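# Architecture and fold: a report
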Amino acid sequence: WPTYRHDGQRSGYTSSPVPAALRVKWVADIGGRLTAPTVADGKVLVAAVDEHDVCAVDAESGKLAWRFTAGSRVDSPPTLYQGHAIFGCRDGYVYKVRVADGQWAWRVQAAREDRRIAANGQIESVSPVHGSVLIQDGVACLTAGRSSYLDGGIDLCRVDPETGATLSRTPVYSPDPETGRQPPQAGPAFMPGSRADILSADDSHLYLQDSVFSKEGKVQAEGKAHLFALTGFLDDTWPHRSYWIFGTQVSLATGCSGRDKNLIYGRLLVFDGSTIYGYGRAGVHWSNQLQDGPYRLFAQRREDGTRPWDKRLAIQVRAMLLAGKVLFVTGPTAELTDWGEGRGAKLLAISAADGAELGQADLDCSPVFDGMAAAYGRLYLALEDGRLACLAAE
């Protein structure tokens, strides 16, 4: 699980199986607000966001191997590549450290200039970089900036992971070059422009939410269906409309005013080559359970849109992944409202084929949003109380 959500597609899927019957093997106290974990080379890496620390834990024993302190917040997990951890930082730089011992290799400025502001109680760059760097065809790809309307926009940067040399820089700037104003909107749900986010990719494109680029960073008119999040992959709040989409453009699911009535969406989505699995409401129009239905877990075929199964759960799903033919979901227990909190947490193992429950395990704390990884036949969970947990076969 070497990068955020396993791969460049951000699929949340690994073909390596994990047993359905699991128990807690070890728990490591990292401290602070944690990101999701990444796993490779016998280490589990996670960032303690507000402490500016990237931490490595032995994947077998849970013992802390090293901590590396960056210049500002690291908001998402490092990408592990050829024995090194490569990650962006809110100070506008990209870092590379050795996975074995945390030894610093290089630091490169991705922001156009080293200018700082106060943001959310800390000092960071006016053009911050997300922690999770996308590596595609041996090139590290990332964004520096906040919005395509602010401070000159966003830069899509391509960096040599070996040396840190910048290979290309593509500005993403939305105001009309003649008027300096926002361009006309194509429709009520289509505001032009982009917010900085973790990049995703397929075999021929890079994606910044619904904006499309070639592998070389050039703007493209269209791409393929891919995963993106309306308010960003890292948005862990629970407003109703902050759903994820597997598609090509931002849309609502009402089927009116040119909107996509066959929209594939959910609060969380994972997918393999044939099926998309999600957790969300039946609709995303009225923002309430009475009219849009309760949250449920579902499977949907990519080829024809049919749904082989759909079920309600007694947990609020805050993290999910697909390992082999088993879908793992976890979150607070009990019947919850949209904004409620459970008193405990539970991990459920669900058959990807028919939705049947295969196993479950109790947790004493909920995971951070989207905070689960699978590797070595185990699950690794970043918890809301600052601990990292490993679940293995009973």
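Just so it is clear, the model here is predicted, and its values are computed rather than measured.

## Notes on the pattern of salt bridges
One pass over the full model with this rule turns up 23 salt bridges. The salt bridge involving Asp75 is made with Arg90; its shortest N-O contact spans 3.3 Å. A residue pair is termed long-range when its members are at least 10 positions apart, and Asp75 in the loop between strand S6 (64-69) and strand S7 (79-81) and Arg90 in the loop between strand S8 (84-88) and strand S9 (93-98) qualify at 15 residues. In this structure, Arg169 engages Asp155 in a salt bridge whose closest nitrogen and oxygen atoms are separated by 2.9 Å. Pair noted here: Arg169 is in strand S16 (residues 166-172) and Asp155 is in strand S15 (residues 154-159), with a separation of 14 residues, a long-range link. Among the charged side chains, a salt-bridge network with shared partners connects Arg33, Asp50, Arg73, Asp75, Arg90, Glu124 and Arg146.

## Some thoughts on the sheet that holds S8
Strand order across the open sheet formed by four strands is S7-S8-S9-S10, with antiparallel pairing between neighbours. The open sheet is flanked by S7 and strand S10 (104-109), the only strands paired with a single partner. Across this sheet, the average inter-strand angle for adjacent strands is 20 degrees, counted without regard to direction.

## Overview of the environment of Val284
Residue position: Val284 is located in the loop between strand S25 (275-280) and helix H1 (289-292). Classification of Val284 by relative accessible area gives buried; the value is 4%. Here the alpha-carbon distance between Val284 and Ser242, two residues 42 residues apart in the chain, equals 9.6 Å.

## Overview of the sheet that holds strand S20 (residues 219-220)
Strand order in the open sheet made by the four strands is S17-S18-S19-S20, with antiparallel pairing throughout. Only two strands of the sheet have a single partner each, and these edge strands are strand S17 (200-201) and S20. Pairing between strand S19 (residues 211-214) and S20: two bridges, direction antiparallel. Paired with Val212 across the strands is Gln220, a residue of S20.

## Digging into the nonpolar core
Looking at soluble globular proteins, one finds that nonpolar side chains tend to be buried together. Core analysis: the biggest nonpolar cluster contains 39 residues, and Phe328, Leu347, Leu379 and Leu391 have the highest contact counts within it. Apart from the residues within four sequence positions on either side, Leu379 is in contact with Val18, Leu22, Leu321, Phe328, Leu347, Met372, Ala373, Ala374, Ala389, Cys390 and Leu391. Among the nonpolar cores identified, the runner-up in size contains 32 residues, and Tyr4, Ala229, Trp244 and Ala352 belong to it.

## Comments concerning the confidence of the model for the chain
Within the chain, residue pLDDT values average 92, and 93% of them lie at 70 or more. Note on residues 336-342: pLDDT under 50 across the span, and 13 contacts to partners over four residues away in sequence or across chains.

## Describing the packing of aromatic side chains
According to the stated counting rule, one finds 11 aromatic pairs in the structure shown. Where Phe68 meets Tyr95, the ring centres are 5.9 Å apart and the plane angle is 70 degrees; that geometry is what we call edge-to-face. Taken together, the residues span a long stretch of sequence, with Phe68 in strand S6 and Tyr95 in strand S9 at a distance of 27 residues. Side by side, Phe68 and Tyr95 carry an identical accessibility label, which is buried. Between Phe233 and Trp244, the aromatic rings sit 5.3 Å apart at their centres with planes inclined by 90 degrees, giving edge-to-face as the arrangement. Of this pair, Phe233 sits in the loop between strand S21 (226-229) and strand S22 (244-247) while Trp244 sits in strand S22, and the two are 11 residues apart along the sequence. For Phe233, a relative accessible area of 2% corresponds to the buried category. Aromatic ring contacts, followed pair by pair, group Tyr4, Phe233, Trp244 and Phe369 into a single cluster. It is Arg107 that lies over the ring of Tyr93; its NZ or CZ is 3.8 Å from the centre.

Definitions and cut-offs
- Along each chain, numbering runs from 1 in the same order as the chain's sequence is written.
- The predicted origin of the model limits local features to residues at a pLDDT of at least 70 and limits the giving and counting of side-chain atom pairs to 80 or more, whereas totals for whole chains, interfaces and linings rest on all residues.
- Excluded from the side-chain calculations are hydrogens and water; all other atoms, namely the structure's heavy atoms, are used.
- Salt bridge, as applied in this entry: a Lys or Arg side-chain nitrogen positioned within 4 Å of an Asp or Glu carboxyl oxygen.
- The numbering of helices and of strands both runs from the N terminus, where a helix is a DSSP run of H or I of at least 4 residues and a strand a run of E of at least 2.
- By definition, two strands form a pair when at least two bridges between them are found by DSSP.
- Convention adopted: a line fitted to C-alpha atoms gives each axis, helices being fitted over their contacting stretch, and angles between N-to-C directions are expressed from 0 to 180 degrees.
- Each residue is assigned to one of three classes by its accessible area relative to the maximum for its type, calculated with a 1.4 Å probe on protein chains only: buried under 20%, partly exposed between the two thresholds, exposed over 50%.
- Remark: nonpolar core denotes a set of buried residues (Ala, Val, Leu, Ile, Met, Phe, Trp, Tyr, Cys) joined through side-chain atoms within 4.5 Å.
- Should any heavy atoms of two residues lie within 4.5 Å, those residues are counted as being in contact.
- Per residue, pLDDT measures the predictor's confidence, with a range of 0 to 100.
- For Phe, Tyr and Trp, rings pair up if their centres lie within 6.5 Å, where Trp contributes its six-membered ring, and each pair is then called stacked (planes under 30 degrees apart), edge-to-face (over 60) or tilted (otherwise).
- Both a distance and an angle decide whether a charge sits over a ring: NZ of Lys or CZ of Arg must be within 6 Å of the ring centre and within 35 degrees of the ring normal.

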